[in-house]
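# Residue-level structure breakdown
Residues per chain, in single letters:
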Amino acid sequence: MDDTERAELIAALHQSATFGEGMLDLNERLLDALDSESNRLTADDLAYLRAGLERWRAQMATLRRRLVGLTI
């Protein structure tokens, strides 16, 4: 593994950890919204989450490709 590949792997792992933290926060917010009238998601919130979901899917696909490339 060269320095560039190592840096890409570190960046991908950081993005994965950030994604995981974001999913935990989002799950907590969704549970709060389902449990009460507080913290309801707005249309703007939903649009932002949908855009983020697509971005995260693309990033996870990139991570998978990088991990496959590093393990071959």
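Scroll up a little and you will see the structure.
Presented here is an overview of the structure given in this document. (Residues numbered from 1 in each chain as written. Predicted model: local features only at pLDDT ≥ 70, side-chain atom pairs only at ≥ 80, totals over all residues. Heavy atoms only, no water.)

### A short note on the overall build of the protein chain
Of the regular secondary structure elements, the protein chain holds two helices and zero strands. For the protein chain, the C-alpha radius of gyration of 16 Å lies well beyond 11 Å, the compact-globule estimate for 72 residues. By its C-alpha atoms, the protein chain is 50 × 20 × 15 Å across when sized along the principal axes. For the protein chain, with 72 residues in total, the buried portion stands at 10%. Working note: accessible area of the protein chain is about 5700 Å², and carbon and sulfur atoms make up 57% of it. Averaging the positions of the 9 positive and the 13 negative side-chain charges in the protein chain gives two centres separated by 6 Å. (Helix = DSSP H or I, 4+ residues; strand = E, 2+ residues; numbered from the N terminus. Rg over C-alpha atoms; globule rule 2.2 N^0.38 Å. Buried < 20%, exposed > 50% of the residue type's maximum accessible area, 1.4 Å probe, protein only. Areas by Shrake-Rupley, 256 points an atom, 1.4 Å probe, with all protein chains shown as cover. Lys, Arg positive; Asp, Glu negative; His and termini not counted. Charge placed at Lys NZ, Arg CZ, Asp CG, Glu CD.)

### Things to note about a negative patch on the surface
Taken together, Glu21, Asp25, Glu28, Asp32 and Asp35 make up a surface patch of like negative charges. You can see Glu21 is positioned in helix α1 (residues 3–35). Overall, Glu21 belongs to the exposed group, its relative accessible area being 51%. (Patch = residues over 30% accessible without salt bridge, like charges linked within 9 Å, V, L, I, M, F, W, Y side chains within 5 Å. Salt bridge = Lys/Arg side-chain N within 4 Å of Asp/Glu carboxyl O.)

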